[in-house]
Each structure stands twice: as C-alpha cells, then as structure tokens.
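Each chain, letter by letter, is given below.
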Amino acid sequence: MNWKKIVLFILFLVIGTFVFGVITVVSNYISLFLPLFFIAYVIFLVLILKEYSNKKIIIILLIFIIYFLIMTLKFPECSSWGYFGSKTKDCTCIGIEKRSWMIMDASWSQCVGIPFNYVCNRWDVKTGVKEKIPCD
C-alpha cells in the first residue's frame, strides 16, 4: 500500500469537500447538483490514484467551475413564497430545481431546465382565502 497516495487522496477529498461547501453556502441554493458533482469529483480522484493524468486534473477543475457557474448563474424562477407576503408562485420544472436554504421566512427556487405550468395564488392574510391570479 502506498501511503503517499492515500494521504494525498484524503487531502484532496477534504479540500474538495471544503470547496463544494463554500460554493453551496455562497450561492444560497441547494440542489441535486451537489451530490452529482461531488460523486464525479470522487470518481476522478480514485482514477488519479490508479494513474495520474493531466486530463483528469483538468476534468476535476472543470467540475468545480461548472458547479460554481450552475450555482451562481441566474435561471428562471420556478417557485416563491414569503411568510409575510400574500403572493405565491409555483411551476413544474423539467430539469433540476435549485432551492433556497437557510432562509426562515421565505423560499424560492430556480429551474435549471424548462419551467412550465406556472400557478400563482394570492391569499388574504385576514380571512385565509386563497385565489388564483395571473402570473407576471
């Protein structure tokens, strides 16, 4: 067993986990992209353990860059609601939705794909009656 490779693998795994975590926290979104890109990252780390290649390093860098771009670029808004607001919006997303997290009084999501079938509602805070309204 080569201890140098194992220590480097663990070091790059910890660094990768930290970088993915920072990108996720900075972007304020959580989605299925995080586990997908992290699994691809770990697979390429294992492949580098077997045989080092510049192509594999470039692919790992591209994984970080693509994940960063997906999480920070603005995509069409799919759903939104607020605790103190009276309007809600919802849609069906063909693709993967990025959802907001760590926000207690509101939520929103963006559709990385094709959003359709928008439904907007307004409810009266005093009476609790909900009615459909046209979406903007």
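Our subject is the structure that appears above.
Residues numbered from 1 in each chain as written. Predicted model: local features only at pLDDT ≥ 70, side-chain atom pairs only at ≥ 80, totals over all residues. Heavy atoms only, no water.

**Student:** What am I meant to see in the state of the cysteines here?
**Tutor:** Covalent bonding between the sulfur atoms of two cysteines defines a disulfide. For the structure on display, the rule yields three disulfides. Note that Cys-78 is cross-linked by a disulfide to Cys-91, the S-S spacing being 1.8 Å. One disulfide, between Cys-78 and Cys-91, carries an S-S torsion of -110 degrees and so falls in the left-handed class. One end of the pair, Cys-78, is in strand β2 (residues 77-82); the other, Cys-91, is in strand β3 (residues 87-100), and 13 residues separate them in sequence. (Disulfide = S-S within 2.5 Å. Helix = DSSP H or I, 4+ residues; strand = E, 2+ residues; numbered from the N terminus.)

**Student:** Quick question: what am I supposed to make of the pairing of strand β4 (residues 106-123) here?
**Tutor:** Note: β2 against β4, five bridges, orientation antiparallel. Residue pairing in the sheet places Ser-79 in a bridge with Ser-109 of β4. Here β3 pairs with β4 via 12 bridges, running antiparallel. Note that in β4 the partner of Lys-87 across the bridge is Arg-122. The turn joining β3 and β4, which pair antiparallel and follow one another in sequence, is formed by five residues; a positive phi near 65 degrees is taken by Met-102. The turn linking β4 back onto strand β5 (residues 130-133) is made up of six residues, and Gly-128 within it adopts a positive phi angle of 80 degrees. (Pairing = 2+ DSSP bridges.)

**Student:** Before we go on, may I ask you to explain helix α1 (residues 3-27) in this structure?
**Tutor:** Along an α-helix, residues three or four apart share an orientation, since each turn contains 3.6 residues. Taking 1.5 Å per residue, 25 residues should reach 36 Å; α1 reaches 36 Å between its end C-alpha atoms and fits that length. Phe-9, Gly-16, Phe-20, Ile-23, Thr-24 and Ser-27 are the residues of α1 that are buried. Close packing links the buried residues of α1 with β1 (29-30), α2 (33-50) and α3 (54-72). The distance from a side-chain oxygen at the start of α1 to the backbone nitrogen of Lys-4 is 3.2 Å, and the residue carrying that oxygen is Asn-2. (Expected span 1.5 Å × (residues − 1). Buried < 20%, exposed > 50% of the residue type's maximum accessible area, 1.4 Å probe, protein only. Contact = heavy atoms within 4.5 Å. Polar contact = N/O pair within 3.5 Å; in protein donor to acceptor, adjacent residues only side chain to side chain.)

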